[in-house]
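Architecture and fold: a report
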Amino acid sequence: MALDLIPSSFKEFLKETGAIARFAWKFFRVGFKPPYEVKEFLRQCFLIGNKSFTLVATTGFIMGLVLTLQTRPTLIEFGAESWMPSMVGIAIVREIGPMVTALICAGRIGSSIGAELGSMKVTEQIDAMEVSGTNPFKFLVATRVLATTLMLPILVIMADTVALFGSWLVENVKGDVSYELYFRQVFAYLHFSDVIPAFVKCFFFGFVIGIVGCYKGYYSKKGTEGVGKAANTAVVLASMLVFVVDFVAVLIADIFYEL
C-alpha cells in the first residue's frame, strides 16, 4: 500500500540507478580480465582525447579570458589587482577547469558513445559479435570506459594550461604583466592540496561519463528513436552525475583539510 504512494517517476529513477550500478559492477568484474582489447582501447583514446582537444582547448582559452575580464575591474576597485594571477590560477585549477571540461566532454563524448552503441544495438551488431565469439562488453564498453577515465584528466590539464595562458594574455594587454611574473605568482600560491584533489576527481568524472554513455547505448530500444534518446539522456544524466561527484569530492577534500 505504501509503495502505491511513491511517484512512478521516482520508482523509475531508483530502478535506473540500480541498473547503472549493476552495469558499473559488471565493468569491474569483467573489464579487467584477459584477453585485453588493446588496439580498440588505443583507438578510443585517440578518438576521445585527440578529437576532443580542439574543443577543450578553445573552451579553456575563452574561459581564462572571460574570468580575467570579469574579475579584473572588481580587484582594481579594491586595490587588489596584484592578486589576479593567484586568484585565477586557484579558481581554474581547483574547480572551474575540471568542471567545465567534464561538462563539455559529457556533451561531446557521452552523446557520441550513446549514439554509437545505440545504433549498434538497434542494428543487431552487438548480437552478431556475441555469435561470432567476441565479448561485446569487453570490446565496446570496457575499452570506452577506460579511455574516458584516462583521457579526461589529460584534457583537464590541457584546458587549465590554455585557460591560464588566456588569462595572462588579458593581463599582459591590460596591465603589461610579463609572462614570467604572471606564472611565478600563479605557482607561488598553488599547492599540492589544490592540484591533487582536482586531478583525482577528474578520473571519476571520466568514469561517470563513460559508464553512463555506454549504459544508455548498450541498452537502447525502439529503433532509431531509441538511438536519439540514448544520446540525449546520456548527456543529461552524465552532466548531473558530474555535479554529484564534484560535490562529494569537495566534501571529502574539505574533511581532509580540517584534519
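Parameters at a glance
- Starting from 1, residues in each chain are numbered consecutively following that chain's sequence as written.
- Residue-level local features of this predicted model are given only where pLDDT is at least 70; pairs of side-chain atoms are given and counted only at 80 or more, and the full residue set underlies all totals for whole chains, interfaces and linings.
- Excluded from the side-chain calculation are hydrogens and water; included are all heavy atoms of the structure.
- A helix here means a DSSP run of H or I that spans at least four residues, while a strand means a run of E at least two residues long, and both kinds are numbered starting from the N terminus.
- When a residue's accessible area, from a 1.4 Å probe over protein chains only, is under 20% of the maximum for its type it is buried; when over 50% it is exposed; and in between it is partly exposed.
- Any two residues whose heavy atoms approach within 4.5 Å are treated as being in contact.
- In these tables, accessible area is a Shrake-Rupley quantity obtained with a 1.4 Å probe, and a residue counts as shielded only by the protein chains included in the view.
- Residues counted as positive are Lys and Arg, residues counted as negative are Asp and Glu, and His and the chain ends are not counted.
- Every charge is mapped onto a representative atom, which is NZ of Lys, CZ of Arg, CG of Asp or CD of Glu.
- Remark: nonpolar core denotes a set of buried residues (Ala, Val, Leu, Ile, Met, Phe, Trp, Tyr, Cys) joined through side-chain atoms within 4.5 Å.
- An expected span of 1.5 Å times one less than the residue number is assigned to each helix.
- Where helices are involved, their axes are fitted lines through C-alpha atoms of the stretch in contact, as for all axes, and angles between N-to-C directions lie from 0 to 180°.
- Definitions for this section: a left-handed crossing has its near helix turned counterclockwise from the far helix by less than a right angle. A right-handed crossing has that turn clockwise.
- Amino acid classes used here: Ala, Val, Leu, Ile, Met, Phe, Trp, Tyr, Cys and Pro are nonpolar; Asp, Glu, Lys and Arg are charged; the rest, including Gly, are polar.
- Any Phe, Tyr or Trp ring, taking Trp's six-membered ring, that has another such ring centre within 6.5 Å forms a pair; planes under 30 degrees apart are called stacked, those over 60 apart edge-to-face, and the others tilted.
- Note on patches: the residues involved have over 30% relative accessible area and no salt bridge, like charges join within 9 Å, and the nonpolar side chains Val, Leu, Ile, Met, Phe, Trp and Tyr join within 5 Å.
- Should a side-chain nitrogen of Lys or Arg be within 4 Å of a carboxyl oxygen of Asp or Glu, the pair is scored as a salt bridge.

Some points on the overall build of the protein
Secondary structure assignment for the protein yields 8 helices and 0 strands. Helices and strands appear in the protein in the N-to-C order α-α-α-α-α-α-α-α. Overall, the C-alpha framework of the protein stretches about 65 × 50 × 35 Å when taken along its three principal axes. Within the protein, the fraction of its 259 residues that count as buried is 42%. Look at the contacts in the protein between residues 6 or more apart in sequence, and 84% of them connect residues 24 or more apart. Of the roughly 14,200 Å² of accessible surface on the protein, a fraction of 69% belongs to carbon and sulfur atoms. Across the protein, the centroid of the 22 positively charged side chains sits 10 Å from that of the 21 negatively charged ones.

Quick look at the environment of Tyr215
With respect to the helices and strands, the residue Tyr215 is situated in helix α7 (residues 192-218). Distance in space between the C-alpha atoms of Tyr215 and Val244 is 18 Å, their sequence separation being 29 residues. Residues contacting Tyr215, with those up to four places away along its chain left out, are Glu16, Ala19, Ile20 and Phe23.

Here we look at the nonpolar core
Within the largest apolar cluster, 45 residues are counted, with the highest numbers of intra-cluster contacts made by Phe23, Ile209 and Ile211. Of all the secondary-structure elements, those providing two or more residues to this core are α1 (8-30), α2 (38-77), α3 (84-122), α4 (125-131), α5 (136-175), α7 and α8 (223-258). Per element, the largest residue contribution to this core is 11 residues, and it comes from α5. Listed in part, the 16 residues of the second largest apolar core include Met63, Met84, Val88 and Ala163.

Here we look at α3
Between the first and last C-alpha of α3 there are 53 Å, a value that for 39 residues agrees with the 57 Å anticipated at 1.5 Å per step. Positive phi shows up at Glu124, right after α3, with a value of about 65°.

Quick notes on the packing of α5 against α7
Direction vectors running N to C along α5 and α7 enclose 145°, while the axes themselves pass 7 Å from each other. Both α5 and α7 take part in a crossing whose hand is right-handed. Class assignment of the residues belonging to the contact of α5 with α7 gives a composition of 19 nonpolar, 4 polar and 1 charged.

Notes on the packing of aromatic side chains
Tallied over the entire structure, the rule returns 20 aromatic pairs. Summarising the aromatic geometry, the rings of Phe23 and Phe137 are spaced 5.3 Å apart at their centres and angled 70° between planes, so their arrangement reads as edge-to-face. With Phe23 in helix α1 and Phe137 in helix α5, the pair connects residues that are 114 residues apart, well separated along the chain. Residue classification places Phe23 among the buried residues on the basis of a relative accessible area of 3%. Taking relative accessible area as the criterion, Phe137 reaches 2% and is therefore assigned buried. One aromatic cluster in this structure is built from Phe61, Phe165, Trp168, Tyr179, Tyr182, Phe183 and Phe187.

Section: a positive patch on the surface
Together, Lys15, Arg22, Lys221, Lys222 and Lys229 make up a region of like positive charge exposed at the surface. With respect to the element layout, Arg22 can be found in helix α1. Judged by its relative accessible area of 59%, Arg22 is exposed.

Some points on a nonpolar patch on the surface
On the surface, Ile157, Phe192, Val195, Ile196, Phe199, Val200 and Phe204 cluster together into a nonpolar patch covering about 660 Å² of accessible area. Counting residues per element, the nonpolar patch draws most heavily on α7, which supplies 6 residues. Taking relative accessible area as the criterion, Phe192 reaches 70% and is therefore assigned exposed.

That's the geometry; what it means functionally is another story.
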